[in-house]
Amino acid sequence: MFSFGSKQSDSQGASQAPQPAVLFKTAVRIRSRAANNATEGIPWIWVCAGALVTILLLIAGLFGVILSQGLSALWPHQVIKIQSENALVLGIPMRQEEGTDPNTNVKQMRRLVYQANRDFGVNEFAFVPVERLVESERPKDVWFVERREWGPFLGRIQTSDSNGVATDVDSKTLSAMLVGGAERSKQLLHIEKGALADLNATMEDLRLEKKSIERQLEAGAIPDDEATAKSSNVESQLARVSKDHAALSTQVQELRSVDEAIKITLLADNGQTKTLPVSQILRVFQPNSLSWIERLGIFFSRLWGFVSEEPREANTEGGVFPALFGTVAMTIIMTVFVLPVGVMTAVYMREIAKQGVLVSLVRIAVNNLAGVPSIVYGVFGVGFFCYTVGASIDQLFFQEKLPNPTFGTGGILWASLTLALLTVPVVIVSTEEALSAVPRSLREASYGCGATRMQTLWNIVLPKALPGVMTGLILAMARAVGEVAPLLMTGVVKLAPALPVDSHFPFVHLERSFMHLGFHIYDLGFQSRSTELSRPMVFASTSLLVAVVLSLNFIAIKIRSQLRKRFEGRGAF
Amino acid sequence: MLNTRRRVLIIDQLATALITVIGLSVILAVAGMMVFLISSSWPLFKTEKFVSAGRIELPHSSSGMIVDEIAPLAVLLPKTSETCVLRASLIQQNNPEIQNKKADFSYQLTRSAGQTPESSNPWSLVASAAKTDANNPSEPNNEVSCGASKHGNLIVRSGNSLASVSIQIVREFLSPEETKALAPESRKELAEKKWILTTDNTVLVKASAQSPIAKLDLQVTEDWAVSDYFSQYPNASLANVQFIQRPGKKDGLIVSHTARPDNLIESQLFLLSSNENNLTGEKKTELREVKLPEPAASLEEFEKFQPAWIEGRYLVVPLQSKTFASIDSEDANLKYSILSVPNDLGNLTQWTPAFGGAAAIAEFSIPLNNPPASRCAYLDVGRATRIASNSVGEKAEMGVLWQDKCKPALKNIAHPHKRIVFRVVQGSSADSLLVEARELTTGRIAAQMNTPTTSLDSLKSDTHGNLISWLDVSQRFSEIREFIAPHVEVSLKSLFEKIHYESYENASYSWQSTSGTDEFQSKFSLIPLIWGTFKATLYSLLFAVPLAIFAAVYSSEILDRQTRNVVKPTLEMMASVPSVVLGFLAAIVVAPWIESHIVSVLLIGTSMPFLLYVFGVFLQVPSARHLTTRGLYASRRLLMWVIFGFAIMLWLLSRAGLLIERTAFGGDLKAFLSGGPGTEGVLWGLLLLPLVFITLWSLPIRRARNWYRIAVFALGPVIAVGIGALISGHTELRADLLGQYAQRNTLVIAIAMGFAIIPIIYSLAEDALTSVPNSLRAGSLACGASVWQTTARVVLPTAASGLFSAIMVGLGRGIGETMIAVMATGNTAVMTTNPFDGLRSMAANIAVELPEAAQRSTHYRILFLSALTLFMFTFTLNSFAEFLRARYRARNKAL
Amino acid sequence: MLNPADLPSTFVHPESCSGPAQISIQNFNLWYGKSQALHSINLPILQHEITSFIGPSGCGKSTLLRAINRLNDLIDNVTVDGDIRVGERSVYERHLDVTSLRKRIGMVFQKSNPFPMSIYENVCYPLRISGITSRATLDEAVETSLRSSALWDEVKDRLKRSALDLSGGQQQRLCIARAIAGNPEVLLMDEPCSALDPISTAKIEELILEMKGRFTVVIVTHSMAQASRVSDHTAFFYLGRLIEAGPTKRLFENAHSKATQDYISGRFG
């Protein structure tokens with residue numbers, strides 16, 4: 001790698017940009033120049049440049065598509081209304097495609113329009129020929145309502161006063177009602193997720209205890225009287241707990257009934273109405289009458305919702321928080337395993353072992369771990385960790401829960417271990433590269449002062465190699481965040497009931513299955529109800545995943561280039 | 001004087017030891033993975049064998065036997081005799097403990113007298129006196145008498161009605177009080193031995209630690225009953241009534257051989273069809289007589305040529321003239337067609353239907369051959385019946401799936417649950433017989449067992465699939481052998497060779513691991529998967545390697561330092577894009593786009609490199625000129641020129657592509673590929689374009705450089721189409737080389753997986769190039785070589801093995817890529833050279849099928865086997881790449 | 001040690017200017033980024049004569065040598081002022097074809113850098129890159145240049161073997177053979193013998209002496225003994241400035257400026 005000097009000042013005449021005269025002169029000389037052009041190999045340089053440009057265009061294309069589709073998924077779009085041949089179409093125009101018109105089967109461009117109102121007997125998608133789009137009008141008074149169930153709603157909102165007369169609601173009272181509804185649902189959620197969930201957990205533990213006592217009795221391990229004494233106090237505990245449980249659930253009931261009282265009715269264009277409690281509604285706005293700043297405000301609140309809320313409607317709506325949380329938790333657990341093993345293996349190969357057959361064996365093993373297809377890791381993970389190690393753990397510690405396995409099936413621990421195995425070579429290779437970058441003289445100087453091997457390592461070598469270790473770790477995390485294949489069998493599920501970390505006793509439940517951003521994309525893209533509906537959500541989570549991965553990578557490359565700068569150089573001439 | 005404290009020394013040793021252990025743990029990880037894969041897949045190839053499972057002494061001869069899975073309890077079904085007495089006794093599995101517990105009960109099959117309504121079960125088993133002497137059974141029951149029995153169901157006659165009942169051993173779970181009443185020590189005994197015989201002679205069973213305790217009992221249910229059978233056909237006798245049950249249903253064919261006055265045996269066939277309306281629960285049975293063109297085979301011949309139900313619909317019955325009649329049971333007047341056996345194999349001596357109802361194992365004796373030899377063949381009956389039923393002459397011949405020389409068999413026993421047949425063959429010595437288990441998909445002999453007894457009366461295999469029992473001469477002792485063959489249908493031949501599967505046109509490699517019905521013939525050939533893996537990897541390397549290597553050359557040899565420090569990280573960042581995102585985008589965005597712009601994609605792919613080369617020759621860009629003279633900083637400006645030129649060319653070529661598609665292929669290449677209008681010559685021309693360019697370019701006409709170059713560029717396409725037109729004259733490009741167009745085809749995965757491989761090859765190649773010492777470059781430039789000449793003649797040869805190992809690692813990554821393969825290909829296990837066809841790679845296959853495969857089943861282990869092959873591929877590739885890189889680094893030190 | 005301020009002005013003895021100058025360096029300056037390495041050098045190098053550049057390390061003698069055949073272009077942000085003319089063409093002319101310039105100037109490096117090819121390929125490399133492919137001319141060129149670098153007898157039967165198997169001295173002579181294969185007018189040698197043993201050094205010095213009539217040789221060397229033995233003219237550089245240039249005997253016996261005397265007598269540097 002070399003580059004010629006940049007400022008080439010030439011005493012005969014300053015060489016600014018070639019004036020027209022020069023260009024003409026060069027044009028004339030094309031024919032004569034072309035002759036030895038080929039022997040000089042200039043065309044090959046063009047081909048190489050072309051290759052590099054193709055790759056750069058590919059990358060730009062990839063990130064362009066992801067970002068544009070991802071952002072447009074959360075952007076509040078305008079709503080259009082067209083009177084097509086038979087039906088009235090009211091919805092958000094999405095992608096354009098070339099299709100054949102069923103009756104006249106002539107090929108024409110048509111636009112897919114998403115009409116929402118799934119529970120109002122309206123089919124969710126309608127095709128509108130592009131020519132007709134121009135006659136569409138954008139009604140101002142249409143409301144876009146995001147609901148907890150049945151997907152979004154497009155139409156008019158009415159509140160019926162005491163004697164049942166339905167009048168269109170103005171936005172002020174609507175927002176006031178919404179705030180009240182949101183408040184109540186937050187309270188409800190707090191109770192259900194907090195106190196009630198704890199009670200349920202303790203009841204579950206007590207029931208398990210009762211079952212284990214019976215099992216011991218049956219196996220004759222403990223005498224009868226002791227068994228009856230034990231089970232009686234378990235019974236009493238159970239009674240007490242279910243009493244508080246009943247109290248709490250009545251409280252929840254009251255709140256719900258209060259909440260039920262305040263209702264609004266949704267009126268769709270085809271005349272159908274549906275009344276539902278206000279707490280069911282998450283967000284309301286009039287898409288066609290939003291100013292630019294309001295639109296941006298909604299976009300950012302949706303973005304925040306996307307990152308912090310739970311998924312709804314079988315993952316096609318709502319946020320991806322559990323998937324994000326699962327990915328981060330898994331990566332942290334993986335780091336706890338992969339960092340020490342990776343660093344120590346690299347230290348062993350570089351510092352301690354004699355560079356004999358054993359080390360080259362280890363090196364080939366390490367490179368092969370990197371080369372092994374990720375699905376084989378999944379197979380190994382489920383076979384070894386879940387069915388062998390996990391099953392024996394179940395036999396030892398979770399007897400009473402059998403036959404349904406606790407550690408015997410996929411879980412976040414096994415997934416992290418599998419990924420640790422997958423990514424340890426990355427850490428080893430980059431740590432070894434960092435260790436070899438530490439000049440020999442430093443080590444000899446430290447040994448000279450009488451330091452032992454470990455002291456030298458700890459005080460001199462590792463600190464200098466730290467950036468290399470860091471880049472290896474970050475590259476490993478970037479790989480883990482993006483992996484799917486090994487997780488398919490070792491613990492990722494479509495919809496995990498609870499987060500792997502919560503407020504109950506062991507706080508970190510390593511046996512729980514979890515949601516993962518990479519699997520979320522695979523599952524949404526291919527196994528969801530309708531790929532059309534889940535498409536925006538997939539692009540949004542793809543851009544989130546790519547953002548996470550790229551930021552990790554950016555830090556790694558920054559550290560590595562900083563490390564490289566100190567030891568760069570490939571010898572003088 | 002400073003000295004190191006003891007504590008520090010100890011920590012030192014400890015730390016070194018720990019690090020060494022962890023260091024070696026990585027080898028354990030890889031070794032562990034390899035061991036695990038091998039241990040999960042080697043049982044596939046364990047040799048099958050017969051294992052003795054005990055010998056029971058029979059109170060009196062029986063026609064069949066039902067054995068419980070856990071407790072060694074056997075229920076002997078009565079022989080065709082008047083009395084219907086069943087004997088249940090514990091099999092003396094030559095352990096003394098059972099001998100002394102002479103548990104032996106006998107039950108009398110009785111039919112409740114009154115004409116009970118159809119729904120309730122008229123039959124019951126009454127336990128007669130516990131101890132009965134073997135030879136004089138209790139006085140015969142007045143009306144009930146039993147006929148032949150098969151797999152636990154009996155043909156019974158009570159009064160004038162003919163009925164079929166089935167006997168099972170059922171489990172009744174003890175109620176909690178009963179379990180409490182059990183004595184502790186018997187409970188402990190149950191925990192270990194899983195079954196005990198209580199004092200009051202009931203057998204208790206406990207399958208596993210968690211499952212509750214159960215009592216074994218016998219239960220009889222009625223399959224079907226024809227009330228006035230014997231009144232209609234007075235001279236039919238129970239002794240020679242045979243019932244062939246339709247698999248999966250309760251009805252079937254009743255064959256009764258009645259002796260006619262001129263003591264000729266005349267056999268009548270009745271098709272009994274009973275359909276149970278499970279809503280109302282009432283059963284409607286209907287008996288129809290079957291008219292045959294010529295008399296059916298005799299009773300003994302029924303033993304040799306057993307009738308068979310094909311696909312649960314056609315009934316194949318042997319006729320006298322060694323042909324078969326196939327009767328369509330769903331046809332109103334039972335239309336029949338004639339099936340014949342291929343006569344070039346010799347004359348038919350045995351014909352046994354195989355499990356799965358689509359094929360049969362037949363045996364032909366080879367005439368004038370001493371010692372008598374015969375040939376076994378596996379005949380495709382299913383296909384023959386279909387052809388026959390809709391062919392005019394209503395005649396068809398059974399196709400031969402495989403044929404093999406084999407010893408003449410005395411008796412064939414089909415296996416109820418696997419495609420295996422047990423053939424009883426004359427043993428080596430006169431008084432010994434040999435039972436040979438032969439697997440029917442590939443025809444290999446799985447296991448052999450010779451038996452001391454000379455005559456084998458009834459060789460039966462039980463419904464659970466493994467136990468075979470036969471009676472010795474005195475019919476007093478029944479020997480039970482277990483045929484252990486969990487994965488019999490898997491062998492090297494079935495995995496890697498062409499197999500002629502049932503109802504397939506001809507032998508083929510096909511992968512079809514599961515399907516709805518359990519009679520499904522599993523097709524486990526790994527070849528389509530291996531072909532898919534390599535096809536995907538080859539196409540993606542074809543896309544990725546030139547791009548990555550040329551980009552690495554440009555960025556390491558020509559690009560200036562500042563731009564390189566920007567370009568290199570962006571490409572390395574490309575490596576961290578998750579493969580699930582690539583796969584998804586390939587499927588959702590790239591596939592549809594390619595589908596609508598096929599010709600422009602082909603055009604760009606084949607002609608872009610040459611266009612760039614021609615641009616280089618003619619376009620006299622100042623910065624390009626300076627490349628060899630002064631500031632290479634001009635390389636950044638050249639990059640701008642190329643990007644600008646590139647965009648125009650891309651737009652031009654896609655427009656040209658659409659134009660060609662409209663004119664030459666009738667507007668749509670997809671339609672053309674599946675036979676639509678269009679000239680094939682143009683497609684040939686398109687594919688030959690690169691070849692033509694290269695040959696014309698390298699013709700050694702040196703002097704007339706310029707006009708020659710223009711000519712090549714202009715003439716190239718014309719020549720290519722010309723040659724194409726010539727070739728298309730007498731080859732059918734679309735049919736043999738190409739084929740249908742699938743949306744998620746190999747081009748899509750080439751681009752998607754190529755995208756994942758490019759950064760890996762790029763960064764390794766770039767490191768290999770930059771580690772070539774500068775002194776070599778200086779030496780070459782000092783001799784007056786241009787930048788490209790230096791690169792091409794000095795730098796590339798030196799870095800060659802580094803580049804090669806980079807490609808190997810890229811190849812390794814390509815083979816192992818899973819998510820892209822799952823999402824970007826149609827996952828169709830087809831083996832075609834057509835780039836527009838989908839494929840199914842091994843990694844994708846595992847990802848899709850393992851979650852559903854039952855643990856430790858054949859399918860589960862074959863998936864592990866394919867994982868092992870993948871592992872070995874990448875292992876050899878990586879080790880070779882590592883060897884190359886080590887040699888390359890050593891040689892570089894010498895420079 | 002002298003600091004730049006009080007350095008004597010350049011003095012070039014008239015004898016070194018008489019006769020046709022193959023290379024003329026006219027007030028030539030060179031910067032590595034911001035630091036100036038060469039300060040207005042004016043020096044004619046006579047045709048078919050051997051000129052040696054001596055001076056303490058880091059005085060810019062190698063940089064000047066590499067400036068002649070523009071190999072400095074390989075280093076980052078090198079800026080140049082003034083002119084160097086080879087024959088009658090200026091080296092830094094705007095549309096100069098550098099490759100044809102370098103084909104007329106052969107160069108030998110301090111550490112021998114044979115290409116990882118066969119001996120035959122190494123030597124005929126300069127001809128191959130200028131498009132000569134006829135077997136006869138290549139064989140003839142290889143033989144003549146190997147003979148004139150006294151390597152022919154040692155390698156004539158293993159021309160196809162890899163050049164890396166040769167010894168250090170042989171490799172350097174191979175590099176010389178490669179440099180003169182395209183019979184250039186000028187031969188630049190950057191401390192050719194600093195990495196060699198005395199015997200190989202003696203052989204290389206004999207070669208240089210034989211080239212006296214055929215090439216204009218410019219040799220950069222550390223050892224004054226080698227300069228006195230081999231070169232006709234010598235130029236002494238210090239801290240990027242040409243202190244004194246003239247016939248070797250003149251400089252070694254009674255140099256004009258005191259700095260040259262101190263350096264030659266080994267009092268400093």
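Quick caveat: nothing in here was measured; it's all calculated off a predicted structure. (Residues numbered from 1 in each chain as written. Chains lettered and ligands numbered in written order. Predicted model: local features only at pLDDT ≥ 70, side-chain atom pairs only at ≥ 80, totals over all residues. Heavy atoms only, no water.)

Draft legend 1. Structural view of the interface of chain B and chain A. Contacts between chain B and chain A engage 121 residues on the former and 105 residues on the latter. Taken together, chain B and chain A are joined by 0 salt bridges. Between chain B and chain A we count 2 residue pairs in polar contact (both at pLDDT 80 or more) in total. By residue number, the principal contributor to the side of chain B that touches chain A is helix α1 (residues 6–41) of chain B, which donates 19 residues. When the residues that make up the side of chain B that touches chain A are grouped by side-chain class, the tally is 77 nonpolar, 28 polar and 16 charged. (Contact = heavy atoms within 4.5 Å. Salt bridge = Lys/Arg side-chain N within 4 Å of Asp/Glu carboxyl O. Polar contact = N/O pair within 3.5 Å; in protein donor to acceptor, adjacent residues only side chain to side chain. Helix = DSSP H or I, 4+ residues; strand = E, 2+ residues; numbered from the N terminus. Nonpolar A, V, L, I, M, F, W, Y, C, P; charged D, E, K, R; others polar.)

Draft legend 2. Structural view of helix α7 (residues 198–210) of chain C. All names here are of chain C. Taking 1.5 Å of rise per residue, 13 residues should cover 18 Å, and α7 covers 19 Å from first to last C-alpha, within 8% of that figure. Buried within α7 we find S200, T201, I204, E205, L207 and I208. With its buried residues spanning 155° around the axis, α7 presents them on a single face. Relative to its buried face, α7 has exposed residues pointing more than 90 degrees away, namely P198, I199 and E210. One side-chain oxygen of the residue at the start of α7 lies 3.2 Å from the amide nitrogen of I199, identifying that residue as D197. (Expected span 1.5 Å × (residues − 1). Buried < 20%, exposed > 50% of the residue type's maximum accessible area, 1.4 Å probe, protein only. Arc of directions from axis to C-beta.)

Draft legend 3. Structural view of the confidence of the model for chain B. All names here are of chain B. Of the residues in chain B, 84% have a pLDDT of 70 or more, and the chain-wide mean is 77. Looking at the elements of chain B, mean pLDDT is at its lowest for helix α13 (residues 622–628), recorded as 46, and at its highest for helix α9 (residues 527–558), recorded as 91. The low-confidence segment residues 130–141, where pLDDT is below 50, has 17 contacts with residues more than four positions distant or belonging to other chains. Ignoring residues within four places in sequence, the model shows residues 623–633, a span with pLDDT below 50, making 45 contacts including any to other chains. (pLDDT = per-residue confidence, 0-100.)

Draft legend 4. Local environment of the domain arrangement of chain B. Residues and elements named next belong to chain B. Domain boundaries assigned for chain B yield domain 1 (51–112 + 121–130 + 139–226), domain 2 (233–406) and domain 3 (529–593 + 745–894). Listed as interface residues are 15 residues of domain 1 and, on the opposing side, 13 residues of domain 2. Of the roughly 1,100 Å² buried where domain 1 meets domain 2, counting both sides, 67% is carbon and sulfur surface. Together, I155, D223 and W224 form the three largest contributors to the area buried by domain 1 at its contact with domain 2, with a combined 42%. Remark: the boundary between domain 1 and domain 2 carries 0 salt bridges. Across the contact surface, domain 1 and domain 2 share 0 residue pairs in polar contact (both at pLDDT 80 or more). Of all the secondary-structure elements, those providing two or more residues to the side of domain 1 that touches domain 2 are β7 (144–150), β8 (153–158) and β12 (214–226). (Domains from an automatic or database assignment. Buried area = accessible area lost by both parts, 1.4 Å probe.)

Draft legend 5. Layout of the state of the cysteines. Taken as a whole and assessed by the stated rule, the structure comprises 1 disulfide over all chains. Note on B:C783: no disulfide assigned, nearest cysteine sulfur contributed by C:C175 at a separation of 8.7 Å. (Disulfide = S-S within 2.5 Å.)

Draft legend 6. Molecular detail of the pattern of salt bridges. All names here are of chain C. Applying the stated criterion across every chain, the model contains 39 salt bridges over all chains. Between E93 and R89 there is a salt bridge, and its shortest N-O distance comes to 3.0 Å. The partly exposed category is assigned to E93, whose relative accessible area is 28%. Classification of R89 by relative accessible area gives partly exposed; the value is 36%.

Draft legend 7. Expanded view of the interface of chain C and chain B. Facing 29 residues of chain C, the contacting portion of chain B comprises 22 residues. Counting the surface lost from both chain C and chain B, the interface buries some 2,200 Å², and carbon and sulfur atoms represent 61% of this. The three residues of chain C that bury the most area against chain B are C:P116, C:Y125 and C:I129, which together make up 22% of that side's buried surface. Between the two partners, chain C and chain B, sit 0 salt bridges.

Draft legend 8. A look at the nonpolar core. Core analysis: the biggest nonpolar cluster contains 232 residues, and A:I375, A:Y522, B:M33, B:L37, B:Y554 and B:V581 have the highest contact counts within it. Considering every element that reaches this core, the biggest residue donor is helix α19 (residues 746–770) of chain B, with 15 residues. Ignoring any residue separated from it by four or fewer positions in sequence, one finds B:M33 in contact with A:L369, A:V372, A:V376, A:Y377, A:F380, A:L421, B:L28 and B:F871. Grouped together as the second largest cluster of nonpolar side chains are 39 residues, B:L781, C:L64, C:M107 and C:F237 included. (Core = buried A, V, L, I, M, F, W, Y, C linked by side-chain atoms within 4.5 Å.)

Draft legend 9. How the structure looks around the side chain of B:R438. Residues and elements named next belong to chain B. Mapping R438 onto the fold places it in strand β28 (residues 433–439). A polar side-chain atom of R438 sits 2.9 Å from the main-chain carbonyl oxygen of G443. Once residues lying within four places of it in the same chain are set aside, the contact partners of R438 are W402, D404, K405, C406, R419, I420, V421, R423, G443, R444, I445 and A446.

Draft legend 10. The packing of helix α10 (residues 374–397) of chain A against helix α11 (residues 412–437) of chain A, seen in detail. Residue and element names in this part refer to chain A. Between α10 and α11, the shortest axis-to-axis distance is 9 Å and the interhelical angle comes to 135°. By the angle between their axes, α10 is oblique relative to α11. Classified by chirality, the crossing of α11 by α10 is right-handed. Of α11, the residues touching α10 (which contributes S374, Y377, G378, F380, G381, F385, C386, V389, G390 and I393) are W414, L417, T418, L421 and L422. (Axes fitted to C-alpha atoms, helices over the stretch in contact; angles between N-to-C directions. Parallel < 35°, antiparallel > 145°, perpendicular 65-115°, else oblique. Left-handed = near helix turned anticlockwise from the far one by under 90°.)

Draft legend 11. Structural detail: the side chain of B:R419. Its location among the elements puts B:R419 in the loop between β26 (409–414) and β27 (420–426). Residue contacts for B:R419: discarding those within four places in its chain leaves B:F355, B:G356, B:Y378, B:R438, B:E439, B:L440, B:T441, B:E502, B:E519, B:F520 and B:Q521.

Draft legend 12. Region of interest: unusual backbone geometry. All names here are of chain B. Even without being glycine, S503 reaches a positive phi, approximately 50°. Note that S503 resides in the loop between α8 (492–496) and β33 (511–512). Here S503 falls in the partly exposed class, since its relative accessible area comes to 34%. The phi dihedral of N827 falls on the positive side, at around 55°, and the residue is not glycine.

Draft legend 13. The sheet that holds strand β25 (residues 399–406) of chain B, seen in detail. All names here are of chain B. Across the sheet, which stays open at both edges, the 4 strands sit in the order β21-β22-β23-β25 with antiparallel pairing between neighbours. Of all strands in the sheet, those with a lone pairing partner are β21 (347–353) and β25, marking the two edges. Each strand of the sheet is rotated relative to its neighbour by a mean of 25°, with strand direction disregarded. Two elements, strand β23 (residues 374–380) and β25, share 7 bridges in a ladder whose sense is antiparallel. Across the sheet, D380 pairs through a bridge with G399, a residue of β25. Its contacts with the sheet put helix α7 (residues 381–390) on β21, β22 (359–365) and β23, and the angle it makes with β23 is roughly 55°. (Pairing = 2+ DSSP bridges.)

Draft legend 14. Region of interest: the sheet that holds strand β1 (residues 80–83) of chain A. Residue and element names in this part refer to chain A. Taken together, the 4 strands give an open sheet; going across it, the order is β1-β2-β3-β4, and neighbouring strands pair in antiparallel fashion. The open sheet has two free edges, formed respectively by β1 and β4 (125–129), since each of these has just one partner strand. Within the sheet, the average angular offset between the axes of one strand and its neighbour, ignoring direction, is 50°. Across 7 bridges, the pairing between strand β2 (residues 88–100) and strand β3 (residues 107–114) is antiparallel. Paired with Q96 across the two strands is R111, which belongs to β3.

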